[in-house]
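Descriptive structure summary
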Amino acid sequence: MNRREFFRTLGFFSIGLSLYVIYKNLTYLSRPPSKRIFLSTEELKRFGRLYLGDEFILIKKDNDFSVYSRRCPHLGCKLNYDPVEELITCPCHKSKFNLDGKYLEGPAKRDLNRLSFDVKDTGLQIDL
Ligand code: FES
């Protein structure tokens, strides 16, 4: 392969790689919308201060709500609630958070990830 052929091959490779990157970004942008969960007003009345969903943690304080991802901000383990300490805890590396989602201790080093939600007339819609 001479020098000219080498640079031609390199050019074709670069164009191919660029097209691949553009294609991957376009498919990323066209992902389906995020998942939503709806809790009816009746469901909201049934639980007390805290509700552990499969993918979220809902905390009720007075007439206000806070919703957090149930994934630990450290490496993504599923968080639990410790009713004795009244803290949200991670079973993997023992990070702890208070009920305001604030980081207290452990390797997570940051607060829980908040999830957005909408209060509707008939309940609460959570964006996962
Ligand atoms: S995954 Fe939760 S502390 Fe590591």
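What you are looking at is a predicted structure, and each value in this text was computed from that prediction instead of being measured.

1. Some details on the domain arrangement of the protein chain
Structurally, the protein chain comprises domain 1 (1-31) and domain 2 (36-127). Taken over C-alpha atoms, the centre of domain 1 sits 44 Å from the centre of domain 2.

2. Re the state of the cysteines
For the structure on display, the rule yields one disulfide. Across a sulfur-sulfur distance of 1.9 Å, cysteine 77 and cysteine 92 are joined as a disulfide pair. The disulfide joining cysteine 77 to cysteine 92 has a torsion of about -100° about its S-S bond and is therefore left-handed. Highlighted residues: cysteine 77 in the loop between β4 (64-69) and β5 (80-82) and cysteine 92 in the loop between β6 (87-89) and β7 (96-97), separated in sequence by 15 residues.

3. Remarks on the pattern of salt bridges
Under the counting rule described, the total for this entry stands at seven salt bridges. For aspartate 127, the salt bridge goes to arginine 36, with nearest N and O atoms at 2.6 Å. Here aspartate 127, found in strand β10 (residues 123-127), pairs with arginine 36, found in strand β1 (residues 36-40); they are 91 residues apart in sequence, far enough to count as distant. Aspartate 127 gets classed as buried once you look at its relative accessible area, which sits at 19%.

4. Let's talk about the packing of aromatic side chains
What the rule picks out here adds up to four aromatic pairs. For the ring pair phenylalanine 47 and tyrosine 51, a centre distance of 5.2 Å and an interplane angle of 40° mean the geometry is tilted. Take phenylalanine 47: its relative accessible area is 10%, and that puts it in the buried class. Here tyrosine 51 falls in the partly exposed class, since its relative accessible area comes to 30%. Residues phenylalanine 97 and tyrosine 103 carry aromatic rings whose centres are separated by 6.4 Å and whose planes lie at 65° to one another, so their mutual orientation is edge-to-face. For phenylalanine 97, a relative accessible area of 0% corresponds to the buried category. According to the relative accessible area criterion, tyrosine 103 is partly exposed, its value standing at 24%.

What counts as what
Residues numbered from 1 in each chain as written. Predicted model: local features only at pLDDT ≥ 70, side-chain atom pairs only at ≥ 80, totals over all residues. Heavy atoms only, no water. Domains from an automatic or database assignment. Disulfide = S-S within 2.5 Å. Helix = DSSP H or I, 4+ residues; strand = E, 2+ residues; numbered from the N terminus. Salt bridge = Lys/Arg side-chain N within 4 Å of Asp/Glu carboxyl O. Buried < 20%, exposed > 50% of the residue type's maximum accessible area, 1.4 Å probe, protein only. Phe/Tyr/Trp six-rings, centres within 6.5 Å; stacked < 30°, edge-to-face > 60°.

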